[in-house]
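Residue-level structural notes
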Amino acid sequence: MKIEKRDVLVIGGGAAGMAAATELKKRGRDVVLVERDHVLGGILNQCIHNGFGLHHFKEELTGPEYAERFADLIHEQHIPTHLGMTITEIDTREAENDQKARHRVYGFSSAQGMVCFDVQAVVLSMGCRERNRGNIGTPGTRPSGVYTAGLAQRLVNVEGYIPGKEVVIVGSGDIGLIMARRMSWVGAKVKAVVEIQPYPAGLTRNIVQCLNDFGIPLYLNHVVSEIRGKDRVEAVEITPRDGSEPFVVDCDTVLLSVGLVPDTEVAKTGGISLNPETGGPLVDYRHETSVPGIFACGNVLHVHDLVDYVTEESIRCAVSVDDFIGEEPAGMQIDIHAGANLKYVVPGRMILQGKNHLYMRSLIVSNHSEIQLTAGERVLFSKKLRHVQPSEMIGIDVPEEILKDIGDGDHLEVHLKEMNHE
Amino acid sequence: MDCYDVAIIGGGVSGAAVARRLSAYKLKTVLLEKEADVSFGVSKANSGIIHGGFHHGKKALKSRLEIKGNLMFDQLQKELHFPFRRNGILVAAFSSEEMRTVEELYQNGLDNGAIGIELCSRSRILSLEPKLNPDVVGGLHAPGGGMIEPYQFVFSLMESALKNGVRLMTDFKVSKAEKRGDCYHMTDATGRTVQAGWVVNAAGLYADEISRIFGAEEYDIIPRKGEEFLLDRNASAFTQRVIFPVPSKVSKGMLVIPTVEGTTMVGPTALIGDDKEDKSTTRGNLEQVFSSARRMIPSVSEKDIITSFAGLRPVLEGNDFYIALSSIAPRLVHVAGIQSPGLTAAPAIGEYVKDLLRKAGLVLEENPEYDPEIQAVPRFRGTEKEELDRLIADNPAYGEVVCRCESISEAEIVTAIRRGHRTLDGIKFYTRARMGRCQGGFCTFRILQILQRETGQSIEDLTKRGNGSYLVSAKVGDMPVEEMV
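Because the structure is predicted, anything quoted here is derived from the model rather than measured. Throughout, residues of each chain are indexed from 1 in the direction in which the sequence is written. Key to labels: chains lettered from A, ligands numbered from 1, both in the order written. Residues qualify for local features only when their pLDDT is at least 70, as the model is predicted, and side-chain atom pairs are given and counted only at 80 or more; totals for whole chains, interfaces and linings, by contrast, use all residues. Hydrogens and water molecules were not included; the side-chain quantities draw on all heavy atoms of the structure.

**A short note on the overall build of chain B**
Threshold: A run of H or I in DSSP becomes a helix once it reaches four residues, and a run of E becomes a strand once it reaches two; helices and strands are each numbered from the N terminus. When we talk radius of gyration, it's over C-alpha atoms, and the globule rule is simply 2.2 Å times the number of residues to the 0.38. Residue exposure (1.4 Å probe, protein chains only): buried if accessible area is under 20% of the type maximum, exposed if over 50%, otherwise partly exposed. Residues count as neighbours in contact if any of their non-hydrogen atoms are within 4.5 Å of one another.
The number of helices and strands found in chain B is 12 helices and 23 strands. In terms of overall size, chain B behaves like a compact globule, its C-alpha atoms giving a radius of gyration of 23 Å where 485 residues would be expected to give roughly 23 Å. Looking at chain B residue by residue over its 485 residues, the buried ones come to 61%. Contacts in chain B between residues far apart in sequence, at least 24 positions, make up 70% of those at least 6 positions apart.

See the structure below:
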């Protein structure tokens, strides 16, 4: 078995991993990047629509273009990269007793066989996966023609195959909306998009550009209550949640866009604690997980709605990894909890002295709300928000100095307060 | 056209077990399967339990064959290398009344000669399975029970039969049969004909129809639907042994099943139906299934569900197996009503049918070239690092992970295809690819590409499980696009 000794191993060569690796290299660290596919870029490669890069590059790019910018950097910086390599295990046993212990991570590829990475730090950036039919428990038969929207996107955009001619899309997540447009463009008829919630799960711009512009009906507050068909999908039954009568729509294809979940399988082998709300690792303000020296960023940490935010977060994570290797002390930290109207807050700990950046996801739709950071009864910081909805991530910078009087006994919470309309 | 000595109708576990047993003799045997692969009918949705020999009294044929079949599994595994674990079965009782039924089961087990069967006190059963609800009052332990993966078992039986000269014809649905002289002429819907002197009717749900086609005994197979839920590999409900409730008169009840591959199954339901094709799942059963299961193992959670599926048991009036020579149609053997514990009994059914045929006059002469062993396929998952390093050096396709959830390499996919499994479901049942938590989201297209490369078929011609289960409609650019106005 080969042994490869480095400062940092980055697992996953998508948007998060590429940003973390390039930032670490820029800071002079000996970093190695591992990707299980045979090309860098991850899911960006199948997102051939535009709208990427508006924040980070200040211009509008397609997914593959966005990926290429970083892939080019990786090559220019001569960052060693293993493609087609699968990581099987993170062995963190030595870290149990020794905070500075090195980690052993095992991976293999057809070209290299088994490789053992002997590293000081690990960046987890494995991204997420799609929830599927079993996760939402759609009853009915099990014919062919039921695909997750991401798989359908790969079939159409990368491989050049059309999964079906008459399509019903379950869930109004962004990939589902984008696939509604894409399927229309290749000649399929998208007969319905069915959303269980009373509001759309995807970005507003996608509702407008992908459904409204194509006259595709969006059924809010409805569920697909049954999938029918013996060999191939023949129809779905759609049931309104207000108690009115179900109706049947004939179709040969069902695409599921019902959410994404962090892909934490490899993280689990390292005994890393997970946040039940995000499904990703629990991290502190440095993006360090419960195991010293193991960091996480991007969609494996929590699912982002814009790749630009993934890049931003991953660069921030890389800076922390650099500090960790440089033995910069972490500073005093305190737990932060998600309170009313928020599904989660990431990271799970804040630093008392220094800048904090928090990502949150709302549980409500509101045009008039305020984010409040509290310690018990005291409001430490608040920020008015114009529009919030569950599909759009909230990111705030918390100014320095705010936590300077906070100590171990304080219960820190962030919540979303709905304000009265005037 | 040649006349086969024996035609077996149906490639489920019974048909495959009979085929393999007969392959030890100098016979020309053909197995006719109406689906695209074997094990695609009743056997596919089986729970995979090797039963412990205590549910029924000795009088039932199924009980005798269950005990005999159970004991054959260790040897079979040595020869056929399918995943098998004798992890034992527990029956958990929650009242003194239930305990009385457990005592009856215990007596059944003693009468049947079930190995090591043991009545358990509360503390004993809790030490055997600490995840049990602490309200348990006692129960039964049958250490001879175990788990297999039903389809992998059927595939390995079939592979062994093929290796020893049996011929398999898939997509062959017998729709007509005529006796001409010593031979039955059987025709399928497309007009293909097969001739055979003896016929074994192992057609599962359709054994009654086959019997009618041959003008043999009249009986009705009633489909009894069972719905099961598959939980994630990481589910905390995973137990050491198979957990049964105390059975009712109609069913063995809702079980918690730790599969041999490390996932957990919960179910099955038992609903009498009238549609032999109705394998739809419903929402309504979920709550009932989970509340029954949670009564035994409180950590069973709906949150861990990966998928649910339904299967149909072929049930005959009287609930016993019907394995007998027809007294109307000459040289036809019925293997009908093979519901639970059919999987456990299957090896014994093979033996039993062989004896029936011999008694009825079929000449059985040992096949000197019979080789009971098939070649084991090294599996990527569970292989030690150093061993994996060697595997990859020998065959780089072991270094390519196709299904990341279940850790299935390209080498295993290629083996499945080369051993005759050419649909997505066939490959899934052979390798477990697409069976994990993402249910094929990442690997489906990789598998299609490998299938295309290995078989020369186009992607448009590939299917999920044969017939009309096509996967893609057209190439991009080949479908007319309506002009936007």
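**What to know about the sheet that holds strand 16 (residues 235-240) of chain A**
Residues and elements named next belong to chain A. Heads up, the condition is: The pairing criterion for strands is at least two bridges between them, as found by DSSP. Only the contacting stretch of a helix is used when fitting its axis, a line to C-alpha atoms as for every element, and angles between N-to-C directions run 0 to 180 degrees.
Taken in spatial order, the three strands line up as 15-16-17 in an open sheet, and their pairing is antiparallel. The outermost strands of the open sheet, each flanked by one partner alone, are strand 15 (222-228) and strand 17 (247-250). Taking each pair of neighbouring strands and ignoring which way they run, the sheet shows an average axis angle of 30 degrees.

**With respect to the packing of helix 10 (residues 410-418) of chain B against helix 11 (residues 424-431) of chain B**
Residue and element names in this part refer to chain B. Going by this rule: Roughly parallel covers angles under 35 degrees, roughly antiparallel covers those over 145, roughly perpendicular covers 65 to 115, and oblique covers all other angles. Helix crossings fall into two classes, left-handed where the near helix is turned counterclockwise from the far one by less than a right angle and right-handed where it is turned clockwise. The nonpolar class holds Ala, Val, Leu, Ile, Met, Phe, Trp, Tyr, Cys and Pro. Asp, Glu, Lys and Arg form the charged class, and all remaining residues, Gly among them, are polar.
At a minimum axis separation of 9 Å, helix 10 and helix 11 run at an interaxial angle of 120 degrees. Classified by the interaxial angle, the pair formed by helix 10 and helix 11 is oblique. Crossing geometry of helix 10 relative to helix 11 is assigned as right-handed. In contact with E412, I413, T415, A416 and I417 of helix 10, helix 11 contributes I427, Y430 and T431. Among the residues making up the contact of helix 10 with helix 11, the classes are represented as five nonpolar, two polar and one charged.

**Examining a negative patch on the surface**
Residues and elements named next belong to chain A. The line we're drawing: Only residues whose relative accessible area exceeds 30% and that form no salt bridge are eligible for patches; like-charged ones are grouped when within 9 Å, while nonpolar side chains (Val, Leu, Ile, Met, Phe, Trp, Tyr) are grouped when within 5 Å. Under the convention used here, a 1.4 Å probe and the Shrake-Rupley method define accessible areas, while residue burial counts only the protein chains that appear. We define a salt bridge as a side-chain nitrogen of Lys or Arg found within 4 Å of a carboxyl oxygen belonging to Asp or Glu. The charge count treats Lys and Arg as positive and Asp and Glu as negative. His and the chain ends do not count. For charged residues, the charge sits on one atom: NZ in Lys, CZ in Arg, CG in Asp, CD in Glu.
Together, E65, E68, D72 and E76 give the surface a local cluster of negative charge. By secondary structure assignment, the location of E76 is in helix 2 (residues 63-76). In this structure E76 comes out as exposed when scored by relative accessible area, which is 59%.

**A closer look at the sheet that holds strand 26 (residues 378-385) of chain A**
Residue and element names in this part refer to chain A. Strand order across the open sheet formed by five strands is 23-21-28-25-26, with mixed pairing between neighbours. For this open sheet the edge positions go to strand 23 (349-351) and strand 26, each flanked by a neighbour on one side alone. Neighbour to neighbour, the strand axes of the sheet diverge by 30 degrees on average, direction disregarded. As paired elements, strand 25 (residues 369-375) and strand 28 (residues 412-418) share seven bridges and run antiparallel to each other. Opposite L373, over in strand 28, you have V414 as the bridge partner.

**Comments concerning the interface of chain B and chain A**
The condition that has to hold: Using a 1.4 Å probe, buried area is obtained as the accessible area two parts lose upon being combined, added over both of them.
Between chain B and chain A, the residue contacts involve 53 residues of the former and 53 residues of the latter. Between chain B and chain A lies a buried interface of about 4500 Å² when both sides are counted; carbon and sulfur atoms form 55% of it. Three residues, K385, F445 and M479 of chain B, lead the burial of chain B against chain A; their summed loss comes to 14% of the area buried on that side. A salt bridge links D263 of chain A to R404 of chain B, with the shortest nitrogen-to-oxygen separation between them at 3.8 Å. For the side of chain B that touches chain A, a count of residues per class yields 22 nonpolar, 17 polar and 14 charged.

**Notes on the state of the cysteines**
Filter applied, for reference: Counting rule for disulfides: a pair of cysteine sulfur atoms within 2.5 Å.
Scanning all chains against the criterion turns up one disulfide over all chains. Covalent S-S linkage joins C3 of chain B and C183 of chain B, the inter-sulfur distance amounting to 1.8 Å. On the sign convention where negative means left-handed, the S-S torsion of about -120 degrees between C3 of chain B and C183 of chain B marks this disulfide as left-handed. Pair noted here: C3 of chain B is in strand 1 (residues 3-9) and C183 of chain B is in strand 11 (residues 183-188), with a separation of 180 residues, a long-range link. Assessed through its relative accessible area of 27%, C3 of chain B is described here as partly exposed. Here C210 of chain A is not disulfide-linked; the sulfur of C47 of chain A is the nearest cysteine sulfur, at 12 Å.

**Describing empty space enclosed by the protein**
Unoccupied space between atoms shows up once a probe the size of one water molecule is rolled over them. The line we're drawing: Only protein atoms enter the calculation, which uses a 1 Å grid: trapped sets of points that fit a 1.4 Å probe without letting it out are cavities, open sets showing protein on both sides within 12 Å along at least five of seven lines are pockets, and any residue with an atom within 4 Å of a point is a lining residue. Grid points are joined across faces, edges and corners, and a volume is the space filled by probe spheres set on the points.
Evaluated as defined, the whole model comprises six cavities of 30 Å³ or more. If you trace the largest cavity, you find 36 residues lining it, with R133, R142 and V146 of chain A together with T307 and Q439 of chain B closest to the centre. Residue composition of the lining of the largest cavity, grouped by class: 12 nonpolar, 16 polar and eight charged. Taken as a whole, the second largest cavity holds about 80 Å³ of empty space. Forming the walls of the second largest cavity are G52, G53, I67, N70, L71, R86, G113, A114, I115 and G144 of chain B. Split into classes, the residues belonging to the lining of the second largest cavity amount to four nonpolar, five polar and one charged.

**Focus: the pairing of strand 1 (residues 2-11) of chain A**
Residues and elements named next belong to chain A. Rules: We call a crossover right-handed when, viewed with both strands directed away from the observer, the connection leading from the first strand over the helix to the second proceeds clockwise.
Looking at chain direction, strand 1 and strand 8 (residues 113-124) are connected through nine bridges and run parallel. What sits directly across from V8, in strand 8, is A121. By the bridge criterion, four bridges tie strand 1 to strand 2 (residues 31-35) in an arrangement that is parallel. The residue of strand 2 that forms the bridge with V10 is L33. After leaving strand 1, the chain enters helix 1 (residues 15-26) and then returns to the sheet as strand 2, a path that is right-handed.

**Here's the deal with the side chain of R434 of chain B**
Residue and element names in this part refer to chain B. Using the following cut-off: Pairing of N or O atoms within 3.5 Å defines a polar contact, subject to two protein rules: one partner must be a possible hydrogen donor and the other a possible acceptor, and residues neighboring in sequence count only if both atoms are side-chain atoms.
Secondary-structure assignment places R434 in the loop between helix 11 and helix 12 (444-455). For R434, the side chain forms a polar contact with the side chain of T444, separated by 3.4 Å. Dropping the residues within four chain positions of it, R434 is found in contact with C403, L424, D425, K428, Q439, G440, C443, T444, I447 and K464.

**Quick word on the packing of aromatic side chains**
What counts is decided by this rule: Planes of paired rings set the category: under 30 degrees apart is stacked, over 60 is edge-to-face and the rest tilted, where pairs are Phe, Tyr or Trp rings (Trp by its six-membered ring) whose centres lie within 6.5 Å.
Going through the model one piece at a time under the given rule, you end up with 20 aromatic pairs over all chains. Summarising the aromatic geometry, the rings of F57 of chain A and Y66 of chain A are spaced 5.2 Å apart at their centres and angled 75 degrees between planes, so their arrangement reads as edge-to-face. With a relative accessible area of 22%, F57 of chain A lands in the partly exposed category. Among the residues examined, Y66 of chain A registers a relative accessible area of 0% and is labelled buried. Ring plane angle 65 degrees and centroid distance 5.4 Å describe the contact between F229 of chain B and F290 of chain B, whose orientation is recorded as edge-to-face. Of the two residues, F229 of chain B sits in strand 13 (residues 222-231) while F290 of chain B sits in helix 7 (residues 284-296), which places them 61 residues apart along the sequence.

**Remarks on helix 5 (residues 174-185) of chain A**
All names here are of chain A. Heads up, the condition is: A helix is expected to reach a length of 1.5 Å times the quantity of its residues less one.
Taking 1.5 Å of rise per residue, the 12 residues of helix 5 would be expected to cover 16 Å, and the 17 Å separating its terminal C-alpha atoms lies within 8% of that figure. Of all 12 residues making up helix 5, 10 are buried, and the element is well covered by its neighbours. Turning to helix 5, its buried residues are D174, G176, L177, I178, M179, A180, R181, R182, M183 and S184.

**What to know about unusual backbone geometry**
Residue and element names in this part refer to chain B. Put simply, G267 and P268 share a cis peptide bond, and its omega is -5 degrees. Among the structural elements, P268 can be located in the loop between strand 16 (264-267) and strand 17 (271-272). Following S340, the chain continues into P341 via a peptide bond in cis, with omega recorded as 5 degrees. Note that P341 resides in the loop between strand 20 (332-336) and helix 8 (342-360). In the Ramachandran plot, N319 falls in the positive-phi region, its phi being about 65 degrees despite a non-glycine side chain. Tracing the sequence through the fold places N319 in the loop between strand 18 (305-315) and strand 19 (322-325). Among the residues examined, N319 registers a relative accessible area of 34% and is labelled partly exposed. The backbone of R331 shows a phi angle near 60 degrees, a positive value even though the residue is not glycine.

**Here we look at the pattern of salt bridges**
Residues and elements named next belong to chain B. Under the defined criterion, the tally for this structure stands at 63 salt bridges over all chains. For E351, the salt bridge goes to R21, with nearest N and O atoms at 2.7 Å. A residue pair is termed long-range when its members are at least 10 positions apart, and E351 in helix 8 and R21 in helix 1 (residues 13-22) qualify at 330 residues. For E351, the salt bridge goes to K354, with nearest N and O atoms at 3.1 Å. Taken as a pair, E351 and K354 lie in helix 8 at a separation of three residues, close to a single helical turn.

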